[in-house]
Amino acid sequence: MGILRKKIAVLAGDGIGPEVCHEAIKVLDAVAERFGHRFTYDYQLMGACAIDATGDPLPESTLAACRAADAILLGAIGDPKYDNNPAAKVRPEQGLLRLRKELGLYANIRPVTAYDILLPHSPLKADRIRGADMLIYRELTGGIYFGEKGRTENGAFDHCTYTRPEITRITHLAFQSAQNRRKKLTLVDKANVLETSRLWREVVQELAPAYPDVAVDYLFVDNAAMQLILNPKQFDVMLTENMFGDILSDEASVIAGSLGLLPSASVGDKAALFEPIHGSYPQAKGKSIANPIATILSVAMMLEHFGLQEAANVVKEAVQDALVQNVLTPELNATSPSTTEQVGTHIAQCVLGFPTSQLHRDNIKAGLSTII
Ligand SMILES: NC(=O)c1ccc[n+]([C@@H]2O[C@H](COP(=O)([O-])OP(=O)(O)OC[C@H]3O[C@@H](n4cnc5c(N)ncnc54)[C@H](O)[C@@H]3O)[C@@H](O)[C@H]2O)c1
Ligand SMILES: CC(C)[C@H](C(=O)O)[C@@H](O)C(=O)O
Ligand SMILES: [Mg+2]
């Protein structure tokens, strides 16, 4: 692969969003320096910061910049002043939902990995989670998030609708992904109650014969929530609708050890957006305690999307180095925590191939490390 030039729209957003984006861009810059690629960044407002500045959580200029970019990097959006005010008509989350819809980002891919070195950090028993490695395919532009919603005289409603094409397109992607992995696809739904879920089962059953090498499994979402904790190794590709995918992926982060570790890619036919699965974690804003790894791994997914597999692997290896050397934020290292910046700098330096990282690796190989 030759030298690439890519324009990245950056929506740092609210809370810890700007802090974790800053570290992810540090890592992208290190990739650019090491491999000779050229990344340019177009910073735009979305979320509560955009409401403060313009009254609109997704200003037209932001949408236009996202359409013009090769990829979008998103930190997080959301602010307690809206979370705690159910009557607010204009909300940060509307910006994110509109962006996903406008850009047709229908497939949200959320990898979940149990890193060996972090097994002791999960509250789950190590022997249950060791080796767990799954991809959640979450439908992102349909379902209850986007149905008609409103208030009645004495109540409220949110309609959940799905069309056959909406289910079909992500199901094909999930099957193809399973073909390249351990060849198992689990559809998570609530087909014993919901008509939309019965349509999901119908579509998956119809498409399954086209993927004869993939074993298909069906789980009701309540059971899936339990199985995820009880025996996560049974999952390879999990396919599910919008809201179930949102909830199950936060739950799955307990397997990895922190919500601050889980990246995601949201893809459509014309655009791609990369973001950590966590939110704006407002309690951590300005304290430099937010884990930037979810955002840095989202950048690795962006590099894969650009076809830069080697660069993506280098970033993942650099993250692994931070895990092994315990260069981690307080939720994963309470005794000698690193700051958000220190974690980002460490990973960026590993990407650049600074000798310190190699030195530590040699120490680890020689059994000299105090960490393992
Ligand atoms: N995609 C998004 O932008 C997105 C996603 C989820 C929530 N939100 C918004 O974020 C705001 C806060 O929501 P919330 O508190 O329910 O969820 P959250 O994901 O912001 O935080 C939940 C908990 O997860 C942990 N956590 C999250 N990110 C972390 C990180 N990088 N490092 C270490 N620990 C981390 C913290 O313990 C935190 O208390 C709300 O306004 C919500 O709407 C936005
Ligand atoms: C902020 C919110 C709209 C969003 C979602 O529910 O999709 C978030 O929780 C996520 O997981 O990206
Ligand atoms: Mg969520």
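Analysis parameters
- Residues numbered from 1 in each chain as written.
- Chains lettered and ligands numbered in written order.
- Predicted model: local features only at pLDDT ≥ 70, side-chain atom pairs only at ≥ 80, totals over all residues.
- Helix = DSSP H or I, 4+ residues; strand = E, 2+ residues; numbered from the N terminus.
- Rg over C-alpha atoms; globule rule 2.2 N^0.38 Å.
- Buried ≥ 20, exposed ≤ 12 C-beta atoms within 10 Å, placed from the backbone.
- Expected span 1.5 Å × (residues − 1).
- Pairing = 2+ DSSP bridges.
- Axes fitted to C-alpha atoms, helices over the stretch in contact; angles between N-to-C directions.
- Near = placed C-beta within 6 Å.
- Nonpolar A, V, L, I, M, F, W, Y, C, P; charged D, E, K, R; others polar.
- Domains from an automatic or database assignment.
- Parallel < 35°, antiparallel > 145°, perpendicular 65-115°, else oblique.
- Left-handed = near helix turned anticlockwise from the far one by under 90°.
- Contact = placed C-beta atoms within 7 Å.
- Right-handed = clockwise from strand over helix to strand, strands pointing away.
- UniProt positions renumbered as here; feature names shortened; annotations may be inferred.

Participant: Run through the overall build of the chain, naming residues and quoting values.
Facilitator: Counting its regular elements, the chain contains 14 helices and twelve strands. For the chain, the C-alpha radius of gyration of 21 Å lies close to 21 Å, the compact-globule estimate for 372 residues. In the chain, which comprises 372 residues, the share counted as buried stands at 47%.

Participant: For helix 13 (residues 340-352), give the residues involved together with the corresponding values.
Facilitator: For helix 13, spanning 13 residues, the distance from its first C-alpha to its last is 19 Å, which sits close to the expected 18 Å at 1.5 Å a residue. Looking at helix 13, one finds that the buried residues are Thr-340, Val-343, Gly-344, His-346, Ile-347, Ala-348, Cys-350 and Val-351.

Participant: Requested: an account of the sheet that holds strand 11 (residues 265-267), with residues and values cited.
Facilitator: Taken together, ten strands build an open sheet; the order of strands is 2-1-3-12-11-4-5-10-8-9 and the sheet is mixed. At either end of the open sheet lies a strand with only one pairing partner, and these are strand 2 (38-43) and strand 9 (215-220). Across this sheet, the average inter-strand angle for adjacent strands is 25 degrees, counted without regard to direction. Of the strand pairs in this sheet, strand 4 (residues 107-113) and strand 11 are connected by three bridges, and their pairing is antiparallel. By the bridge assignment, Ile-109 is partnered in strand 11 with Ala-265.

Participant: Tell me about the site of ligand 1, and please be specific about residues and values.
Facilitator: Every one of the 24 residues lining ligand 1 counts as a neighbour, but Gly-78, Gly-260, His-278, Gly-279 and Asn-291 are closest to it. Here the shell around ligand 1 is composed, by residue class, of ten nonpolar, nine polar and five charged. Split by domain, the residues of the shell around ligand 1 number at least three in each of domain 1 (1-105 + 268-372) and domain 2 (109-260).

Participant: Outline the packing of helix 1 (residues 17-35) against helix 11 (residues 293-305), supporting the account with residue identities and numerical values.
Facilitator: Between helix 1 and helix 11, the least distance of the axes is 8 Å, while the angle of their chain directions is 40 degrees. Looking at the two axes, helix 1 sits oblique to helix 11. As for how helix 1 packs across helix 11, the hand of that crossing is right-handed. Of the residues in helix 11, those in contact with Val-20, Cys-21, Glu-23, Ala-24, Val-27, Leu-28 and Val-31 of helix 1 are Thr-295, Ile-296, Ser-298, Val-299 and Leu-303.

Participant: Account for the pairing of strand 2, with residues named and values stated.
Facilitator: One ladder, built from six bridges, connects strand 1 (residues 5-13) with strand 2; its direction is parallel. Its bridge partner lying in strand 2, Ile-8 is registered against Tyr-41. Each parallel crossover has a hand, and the one from strand 1 via helix 1 to strand 2 is right-handed.

Participant: Give me the lowdown on the site of ligand 2, citing residues and values where you can.
Facilitator: Looking at ligand 2, the residues that line it are Gly-78, Glu-93, Leu-96, Leu-97, Asp-246, Ile-277 and Gly-279. A total of three residues in the shell around ligand 2 trace back to one element, the largest contributor, which is helix 5 (residues 92-102).

Participant: Help me get a handle on the UniProt feature "binding site: Mg(2+)" (unreviewed entry) in the chain, residues and values and all.
Facilitator: The positions UniProt marks with the feature "binding site: Mg(2+)" (unreviewed entry) are Asp-222, Asp-246 and Asp-250. For Asp-222, the location among the structural elements is in helix 9 (residues 221-230). Among the secondary structure elements, Asp-250 is positioned in helix 10 (residues 242-256). Setting aside chain neighbours within four positions, we find Asp-250 in contact with Leu-259 and Ile-277.

Participant: Would you mind going over the packing of helix 1 against helix 13 in detail, with residue names and values included?
Facilitator: With their axes 8 Å apart at the nearest point, helix 1 and helix 13 run at an angle of 10 degrees to one another. By the angle between their axes, helix 1 is roughly parallel relative to helix 13. As helix 1 packs across helix 13, the resulting crossing turns out to be right-handed. Touching Glu-19, Val-20, Glu-23, Lys-26, Val-27, Ala-30, Val-31, Glu-33 and Arg-34 of helix 1 are Thr-340, Glu-341, Val-343, Gly-344, Thr-345, Ile-347, Ala-348, Val-351 and Leu-352, all from helix 13. Residues belonging to the contact of helix 1 with helix 13 are distributed by class as follows: nine nonpolar, three polar and six charged.

Participant: Describe the domain arrangement of the chain, with residues and values.
Facilitator: Once the domains are mapped, the chain shows domain 1 (1-105 + 268-372) and domain 2 (109-260). One C-alpha centre belongs to domain 1, the other to domain 2, and the line joining them spans 23 Å. On the domain 2 side, the residues contacting the 17 residues of domain 1 number 15 residues. For the side of domain 1 that touches domain 2, the elements supplying multiple residues, two or more each, are helix 5, helix 11 and helix 12 (309-324). The biggest single contributor to the side of domain 1 that touches domain 2 is helix 5, with three residues.

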